[in-house]
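# Topology and contacts: notes
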Amino acid sequence: MAKTPFTKEQLLPQEEKLEIYRHKSDLFIGVPKETSYQERRICLTPDAVNSLTSHGHKVLIEAGAGLSSSYTDKEYSDAGASITNDTKKVLSCPMILKVEPLTIEEISMVENNAIVISAIQLKTRKKEYFELLSKKKITALAFEYIKDEDGSYPAVKSLSEIAGTASVLIAAELMINNQFGKGLLLGNITGVPPTDVVILGAGTVGEFAAKTALGLGAHVKVFDNSITKLRRLQNNLNQRIFTSTIQPKSLLKALRRCDVAIGAMRGKERCPVVVTETMVEHMKKGAVIVDVSIDTGGCFETSEVTTHESPTFIKNNIIHYCVPNIPSRYSKTASLSISNIITPYLLQIAEDGGLESAIRCNKGLKNGVYLYHGILTNKAIGDWFNLPDNDINLIVF
């Protein structure tokens, strides 16, 4: 008889084991108060809470969590959430929703095997953040990595739309600044030359900045090195505007004449610096620079990170506004946006019978997972922090 590692019983035909249909599961979600500097947003609005509780889920919110987005505790309790002052109690929920990533202190209060859904802001993370989450066997999802059916990232897109629109409104405000601004109205008044706006970058931020500036009647010039992006921008604006690739000569010419320059570039790891200090020196006195891309380093050489409390500084006679996280300034709009993106996913997770089976069914959600029961499943993070990473498709199938 041939040698075999199997016993006689094992060689007999076995019955096939099929996955039992998963029944709808109930979620228990904790929403702690944001402790990060300048973070005014919240993940769930009272309407979203109402939608979740009417489906039979439980939501526990830390007292005062929604105040900076002008949502009171009463609105949340009327919507069916439980309110508590005990941060530890909120953080011990099986599922935690947060805008900013958890702090080291907060991770220590989280239960083992919990699910954490938040932003990740890779550039501000430290290696120990992932090591501590991993030790607690936590499953973590990042808003920035969740994909839509069309392969785009809905959370990133929405917040970019807010940042793009806001950048022009902020510039309009700074131009009338009595101490140093030029006292110009951003717009197009009959018989008066229109305001000149230069936008660097033709992504979502650039597109929405251009839409807003055109809506106010300004004269817009957009620079980007991708012809495809420039073409898409032209088509989305429904009108032809000045577009150009980034060449120092034509860029300098545009910057010398402009009243407002908006930086909306993106880079793989750091945003490319496309405007040198010499170019900034040639700009008009009292012109405004709004560097939206300061989150990833800024695309003007003169940019320095500022805060929402003191947002501007003057350098080379130019007003600079370089606040990271512009959407936080419009906390209610940003909260509504995040909430509307995340709530359908939460209901879907419950419908599918928990996160495990939801990520089996939903590729976009699976893309959002960067830690699966403590195993790092995101290559970008693994490369950045020199941590061992695994392909999630080999773990979940």
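Remember, predicted model here, so these are calculated numbers, not experimental data.

Further remarks concern the pattern of salt bridges. Under the definition given, this model contains 11 salt bridges. Across the pair Lys98 and Glu34 runs a salt bridge, and its minimum N-O distance is 3.2 Å. Here Lys98, found in the loop between strand 4 (95–97) and helix 5 (104–109), pairs with Glu34, found in the loop between strand 1 (28–31) and helix 2 (46–54); they are 64 residues apart in sequence, far enough to count as distant. Take Glu34: its relative accessible area is 14%, and that puts it in the buried class.

Let us now look at the environment of Met265. Mapped onto the fold, Met265 is located in the loop between strand 10 (260–263) and helix 11 (277–281). A residue is classified by how much of its surface remains accessible, and Met265, at 11% relative accessible area, is buried. As a C-alpha pair, Met265 and Val292 span 27 residues in sequence and 8.2 Å in three-dimensional space. When near neighbours in sequence (up to four residues on either side) are disregarded, Met265 contacts Leu200, Gly201, Ile246, Cys271, Pro272, Val274, Ser293 and Cys299.

Another point: unusual backbone geometry. Backbone geometry places Asn316, a non-glycine residue, at a positive phi of 55 degrees. Mapped onto the secondary structure, Asn316 falls in the loop between strand 12 (312–315) and strand 13 (318–321). Among the residues examined, Asn316 registers a relative accessible area of 28% and is labelled partly exposed. At Asn317, a residue that is not glycine, the phi angle is positive and equals roughly 65 degrees. Turning to its location among the elements, Asn317 is positioned in the loop between strand 12 and strand 13.

This brings us to the nonpolar core. Ranked by size, the top nonpolar core spans 42 residues in total, and within it Leu44, Leu97, Ile117, Leu346 and Leu365 carry the most contacts. Within the second largest apolar cluster, 34 residues are counted, among which are Ile170, Ala171, Leu214 and Val290.

Burial along strand 6 (residues 139–142) is two-sided: the residues Thr139 and Leu141 and Ala140 and Ala142 are all buried. Bridging between strand 5 (residues 115–118) and strand 6 involves four bridges; their strand directions are parallel. If you follow Ile115 over to strand 6, its bridge partner there is Thr139. Assessed by its sense of winding, the connection that carries the chain from strand 5 through helix 6 (residues 127–135) to strand 6 is right-handed.

What follows is about the packing of aromatic side chains. Summed over the entire model, instances satisfying the criterion amount to five aromatic pairs. With a centroid separation of 5.1 Å and 85 degrees between ring planes, the pair formed by Tyr129 and Phe130 is classed as edge-to-face. The exposure class assigned to Phe130 is buried, which follows from its relative accessible area of 2%. Aromatic side chains Phe223 and Phe242 sit 5.8 Å apart centroid to centroid with 55 degrees between the ring planes, which places their arrangement in the tilted category. With Phe223 in strand 8 (residues 219–223) and Phe242 in strand 9 (residues 242–244), the pair connects residues that are 19 residues apart, well separated along the chain. Look at Phe223 and you get buried, because its relative accessible area is 0%. Clustering of aromatic rings is evident, with ring pairs tying together Tyr129, Phe130, Tyr370 and Phe385.

Glancing now at the sheet that holds strand 11 (residues 288–291). One open sheet accounts for seven strands, arranged 9-8-7-10-11-13-12; its pairing is mixed. Of all strands in the sheet, those bounded by a partner on one side alone are strand 9 and strand 12. Neighbour to neighbour, the strand axes of the sheet diverge by 20 degrees on average, direction disregarded. With three bridges joining them, strand 11 and strand 13 adopt parallel strand pairing. Residue Ile289 lies in a different strand from strand 13, and its bridge partner there is His320. Helix 7 (residues 154–175) contacts strand 10, strand 11, strand 12 and strand 13 of the sheet and is inclined by roughly 150 degrees relative to strand 11.

Moving on, we get to the domain arrangement of the chain. Per the domain assignment, the segments of the chain are domain 1 (23–142 + 331–394) and domain 2 (159–329). Domain 1 puts 13 residues into the contact, and the matching count from domain 2 is 12 residues. The contact between domain 1 and domain 2 buries some 1000 Å² in all, and 45% of this surface belongs to carbon and sulfur atoms. Taken together, the links from domain 1 to domain 2 amount to one salt bridge. With its nearest N and O atoms 3.6 Å apart, the salt bridge here joins Arg40 to Glu309.

Before going further, it helps to spend a moment on helix 12 (residues 331–351). Helix length check: helix 12 (21 residues) gives 30 Å between terminal C-alpha atoms against 30 Å at 1.5 Å per residue, within 8%. Following helix 12 by one or two positions, Gly353 has its phi on the positive side, about 90 degrees.

Conventions used here
Residues numbered from 1 in each chain as written. Predicted model: local features only at pLDDT ≥ 70, side-chain atom pairs only at ≥ 80, totals over all residues. Heavy atoms only, no water. Salt bridge = Lys/Arg side-chain N within 4 Å of Asp/Glu carboxyl O. Helix = DSSP H or I, 4+ residues; strand = E, 2+ residues; numbered from the N terminus. Buried < 20%, exposed > 50% of the residue type's maximum accessible area, 1.4 Å probe, protein only. Contact = heavy atoms within 4.5 Å. Core = buried A, V, L, I, M, F, W, Y, C linked by side-chain atoms within 4.5 Å. Pairing = 2+ DSSP bridges. Right-handed = clockwise from strand over helix to strand, strands pointing away. Phe/Tyr/Trp six-rings, centres within 6.5 Å; stacked < 30°, edge-to-face > 60°. Axes fitted to C-alpha atoms, helices over the stretch in contact; angles between N-to-C directions. Domains from an automatic or database assignment. Buried area = accessible area lost by both parts, 1.4 Å probe. Expected span 1.5 Å × (residues − 1).

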